[in-house]
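Tertiary structure, described
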Amino acid sequence: MKLSISKNVHLVEPGDFEPTDHWYPRVLNSNIHPLVSYFLNLTHEQMVERYHRLHPQSDPEALMEIMTYQPQYFRWAGTDLMHVTNNEGNRKLTVIETNSCPSGQKSMPLLDLNVEQGGYKRLIEQTFKPMVDNHHENGALAVIYDKNPMENIGYAATVADVFGENVFLAKFEAKDAEPPVKFVDGKMWVRNQNEEWVEIRAAFRYVTQEPWSIIPENTKTLLLNPIEACLAGGRNKEVASRAYDDFNRKFADKGISIFTPSTFRNVSFYELERHFEMLGGSMVIKVPDSNAGQGVYTVISKKELEHAKSQLDPNQLYLVQELIHSNYSNGLDPMKAWYHVGTIPDSKGRSFAFDLRLMMHATEEGMRPLAVYSRRSRFPLNTPLPEDMNSWEVYGTNLSVKGEDGWTYADERLMLFDVRNFGQLGLGIDEMIKGFVQSIMGVYAIDQNARKTFGDKTSIPNFKIQTTLS
Amino acid sequence: MSSKILIVEDDVVFCKLLTRFLSKNNFEVMDAQNGKDALELMDLNNFGQAILDYRLPDMNGVEILKKLKFKNPETKVLLITRFGDEEVAAEAKSAGADAFIAKPIDPDDLLKIIKSM
């Protein structure tokens, strides 16, 4: 490794991968739960058959089509899911959002103790490398990022190992007046140790803050993921919601659908109060382009509504969703409300809301699960909320803290899928299969939307053709 | 002399990678990404060595160097400069810098310098 070859650029060399640098210390010492390991090793056929047993109305052929789908734009994704139930005890995994730069590797115990690069290696070897091998451009390799250095140094070191060449690790931020990365006619360049621009043939991209303002569409440099994946719904919640509706219409006769809380799009600032009343005095307001728990407001009182409105731009449009409730919300229609299942009560009887972050990638077989972890809320579901406490404390699960750099996080609320934590979530293999199916349907929907919006891509590896030819 | 090392560098990746590298080589390391945080660490700790970047968001490395030397003249200070920063090097030398290293930095080379200081 060569540190600071130019401002905000490091050169990562083969052999630089150090597990202690790319996992939280707690995760390094954890053992994956056997059920999680079993789930991650299930074949598509097993998952389709099981999902069909759980949802007899679902069409196995349609499910298999989605499992084996080769996305053209959105080949690496994360979903945030919540485990919910209704008054009849019908439990589901609901999609909260889909993310085109998902974190998660640093929270995932090793699936195979003999592969010390874990999910980093599976993603780079099975997804990124086949794409790069099929993309004929000149230049070096890079990882560009604006946060989460712990995982991005890991990706850079893994790319260096898998390709056997040095990798530029460059911080690329919209706010940087002299960024070390530039695009010229769709080709990406990175500044080297001599302050010269080096052309890049392919880059792993983890740029999350307004990436569309600094990364162009239709780049000559291969990007995983390209910006089109963000624009088609991988980042924008309003666009994603429309893509899910398109999916649900397309597959209505196949007995499958993407399940999300009831959603209202393009809600003006002045209509927020009407939606609050219509939804029974609670809702979630989302800024469509927000992420990492920012720009999301849970509202369960007029006071919280006024607070949320004080933070919002009156000229913007918002996404409003039905709140997934605890058991303490009053005035709800029992036939329509969904509740958090919550964690198994601890020794003090406390049950917490939690979400699941499921990371997936496109491989030769189709979409596969890659990493999974959960985050729980601060305040329990089954205790009345103190009057002065914000409802986000009960419903919010994001771990990011101000100035998050990948080394600081709310450790006590991170729930690993390991021997110690997984049982506390009350999840089984069936829930993981349901969550995975919901997730890949979301990816399918967004990728289809990208293809419809931006056209078909030609440089994605066609594994089926390659297999036939060999 | 204390075996604690202070790293002051505004690039968080640089700070963390170097902190971990030196920790693995049995040094006790603390890092700051700006001058203000560095001064707070200096108030609470005695450092045997310090690795300072010259360009920081709120002050420069030579200012921190002077404060370190004022607090403890025995503290060994290594200043990170850009290639060709001769004026900076001259200013740092007169302020008592013990060594210099130019970016890009190979952690193994840096370790050799630290051990020799």
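Residues numbered from 1 in each chain as written. Chains lettered and ligands numbered in written order. Predicted model: local features only at pLDDT ≥ 70, side-chain atom pairs only at ≥ 80, totals over all residues. Heavy atoms only, no water.

Chain B goes by Response regulatory domain-containing protein in an unreviewed UniProt entry, where it is assigned to Rhodonellum psychrophilum GCM71 = DSM 17998.

Topic: the environment of G435 of chain A
All names here are of chain A. Filter applied, for reference: Counting from the N terminus, the helices are DSSP H or I runs at least four residues long and the strands are E runs at least two residues long. Each residue is assigned to one of three classes by its accessible area relative to the maximum for its type, calculated with a 1.4 Å probe on protein chains only: buried under 20%, partly exposed between the two thresholds, exposed over 50%. In what follows, residue pairs with any heavy atoms lying within 4.5 Å of each other are defined as contacts.
Along the chain, the position of G435 falls in helix α13 (residues 429-454). For G435, a relative accessible area of 2% translates into the label buried. Separated by 352 residues in sequence, G435 and H83 have C-alpha atoms that sit 8.8 Å apart. In this view, G435 contacts L81, L93 and L358; residues no more than four positions away in its chain are not counted.

Concerning the domain arrangement of chain A
All names here are of chain A. Counted only if it meets this: Residue ranges assigned to each domain were obtained from an automatic or database domain assignment. Buried area is understood as the total, over both parts, of accessible area removed when two parts are fitted together, assessed with a 1.4 Å probe. One speaks of a salt bridge when a side-chain nitrogen belonging to Lys or Arg is within 4 Å of a carboxyl oxygen belonging to Asp or Glu. Whenever two N or O atoms come within 3.5 Å, that pair is a polar contact, provided that in protein one can donate a hydrogen and the other can accept it, and provided that, for residues adjacent in sequence, both atoms are side-chain atoms.
The domains assigned to chain A are domain 1 (2-22 + 111-224) and domain 2 (31-100 + 236-261 + 324-454). Spacing between the C-alpha centres of domain 1 and domain 2 amounts to 28 Å. In this assembly, 18 residues from domain 1 lie in contact with 16 residues from domain 2. Each partner contributes to the roughly 1500 Å² buried at the junction of domain 1 and domain 2, and carbon and sulfur atoms together form 64% of this total. The interface formed by domain 1 and domain 2 contains 0 salt bridges. Linking domain 1 to domain 2 there are 3 residue pairs in polar contact (both at pLDDT 80 or more).

Quick notes on the interface of chain B and chain A
How we decide: When residues are grouped by polarity, Ala, Val, Leu, Ile, Met, Phe, Trp, Tyr, Cys and Pro land in nonpolar, Asp, Glu, Lys and Arg in charged, and all others, Gly among them, in polar.
Opposite the 16 residues of chain B that make contact, chain A presents 20 residues. For the chain B face of the interface with chain A, the top three residues by lost area are V13, L17 and R20 of chain B, together amounting to 33%. In this assembly, chain B and chain A are joined by 4 salt bridges. Here chain B and chain A share 4 residue pairs in polar contact (both at pLDDT 80 or more) between them. Across the side of chain B that touches chain A, the residue classes break down as 8 nonpolar, no polar and 8 charged.

Let's talk about the sheet that holds strand β11 (residues 263-268) of chain A
All names here are of chain A. Formally: DSSP calls a pair of strands paired once it identifies at least 2 bridges connecting them. Only the stretch in contact is used when a helix axis is fitted, and all axes are lines through C-alpha atoms; the angle between N-to-C directions ranges over 0 to 180 degrees.
Pairing in this open sheet of 4 strands is antiparallel, and the strands run β11-β14-β12-β13 from one edge to the other. Of all the strands in the sheet, the pair left with one neighbour each is β11 and β13 (296-299). Each adjacent strand pair in this sheet contributes to an overall mean axis angle of 25 degrees, direction not counted. Two strands pair when backbone bridges link them, and strand β12 (residues 283-286) and β13 are joined in this way by 4 bridges, in the antiparallel orientation. Bridged to I285 within β13 is Y297. Its contacts with the sheet put helix α11 (residues 302-311) on β12 and β13, and the angle it makes with β13 is roughly 160 degrees.

Digging into the state of the cysteines
Residues and elements named next belong to chain A. Quick reminder of the rule: Only a pair of cysteine sulfur atoms within 2.5 Å qualifies as a disulfide here.
On inspection of all chains with the given rule, the structure shows 0 disulfides over all chains. Looking at the unpaired C101, the closest cysteine sulfur is the one in C230, lying at 5.4 Å. Note on C101: relative accessible area 4%, which makes it buried.

Looking at the UniProt feature "modified residue: 4-aspartylphosphate" (unreviewed entry) in chain B
Residues and elements named next belong to chain B. As a reminder of what qualifies: UniProt positions are given in the numbering used here, feature names are shortened, and annotations may be inferred rather than shown by experiment.
As annotated by UniProt and renumbered to match this structure, "modified residue: 4-aspartylphosphate" (unreviewed entry) occupies D53. Summarising the element assignment, D53 is placed in strand β3 (residues 49-53). Filtering out sequence-adjacent residues up to four positions away, D53 remains in contact with V8, E9, D10, G61, I80 and K103.

Thoughts on the sheet that holds strand β1 (residues 4-8) of chain B
By definition, the strands of a sheet pair up through backbone hydrogen bonds, in either a parallel or an antiparallel sense. All names here are of chain B. Within the open sheet, the 5 strands sit side by side as β2-β1-β3-β4-β5. Their pairing is parallel. Two strands in the sheet have a free side with no partner beyond their single neighbour: β2 (28-32) and β5 (99-102). For this sheet, the mean angle separating the axes of adjacent strands, direction not counted, is 20 degrees. Pairing of strand β4 (residues 76-81) with β5 involves 4 bridges; the strand directions are parallel. Within β5, the residue paired with I80 across the bridge is I101. Relative to the sheet, helix α2 (residues 35-44) contacts β1 and β2, its axis offset from that of β2 by approximately 145 degrees.

A word on the packing of aromatic side chains
Residues and elements named next belong to chain A. Test applied: Two rings belonging to Phe, Tyr or Trp (six-membered ring only in the last case) form a pair when the distance between their centres is within 6.5 Å. Interplanar angles under 30 degrees mark stacking, angles over 60 mark edge-to-face geometry, and anything in between is tilted.
For the coordinates displayed, the defined rule picks out 20 aromatic pairs over all chains. Ring plane angle 75 degrees and centroid distance 5.7 Å describe the contact between F251 and Y444, whose orientation is recorded as edge-to-face. Of this pair, F251 sits in the loop between α9 (237-250) and β11 while Y444 is found in helix α13, placing the two residues 193 residues apart along the sequence. Residue class for F251 comes out buried when judged on its relative accessible area of 3%.

Quick notes on the packing of helix α4 (residues 44-54) of chain A against helix α5 (residues 60-67) of chain A
Residues and elements named next belong to chain A. Stated precisely, the cut-off is as follows: The scheme is simple: roughly parallel for angles under 35 degrees, roughly antiparallel for over 145, roughly perpendicular for 65 to 115, oblique for anything else. Handedness of each helix crossing follows the sense of rotation of the near helix against the far helix: counterclockwise by less than a right angle gives left-handed, clockwise gives right-handed.
In the contact formed by α4 and α5, the axes pass within 10 Å of each other and the chain directions differ by 140 degrees. On the basis of the axis angle, α4 is oblique to α5. The handedness of the crossing between α4 and α5 is right-handed. From α4, H44, E45, M47, V48, Y51 and H52 reach across to α5, where they touch P60, L63, M64 and M67. The residue makeup of the contact of α4 with α5, split by class, is 7 nonpolar, 2 polar and 1 charged.

Examining unusual backbone geometry
Cis peptide bonds are those with omega within 30 degrees of zero, and the linkage from L224 of chain A to N225 of chain A qualifies with -10 degrees. Along the polypeptide, N225 of chain A turns up in the loop between β10 (222-224) and α8 (227-234). A cis geometry characterises the amide bond from K103 of chain B onward to P104 of chain B, with omega recorded as 0 degrees. For P104 of chain B, the position within the fold is in the loop between β5 and α5 (107-116). Non-glycine residue E210 of chain A carries a positive phi angle of around 45 degrees. Along the chain, E210 of chain A falls in the loop between β9 (197-206) and β10. Residue E210 of chain A is classed as partly exposed on the basis of its relative accessible area, which comes to 48%. Although it is not a glycine, N266 of chain A adopts a positive phi angle of roughly 50 degrees. Residue placement: N266 of chain A occurs in strand β11. Residue classification places N266 of chain A among the partly exposed residues on the basis of a relative accessible area of 41%.

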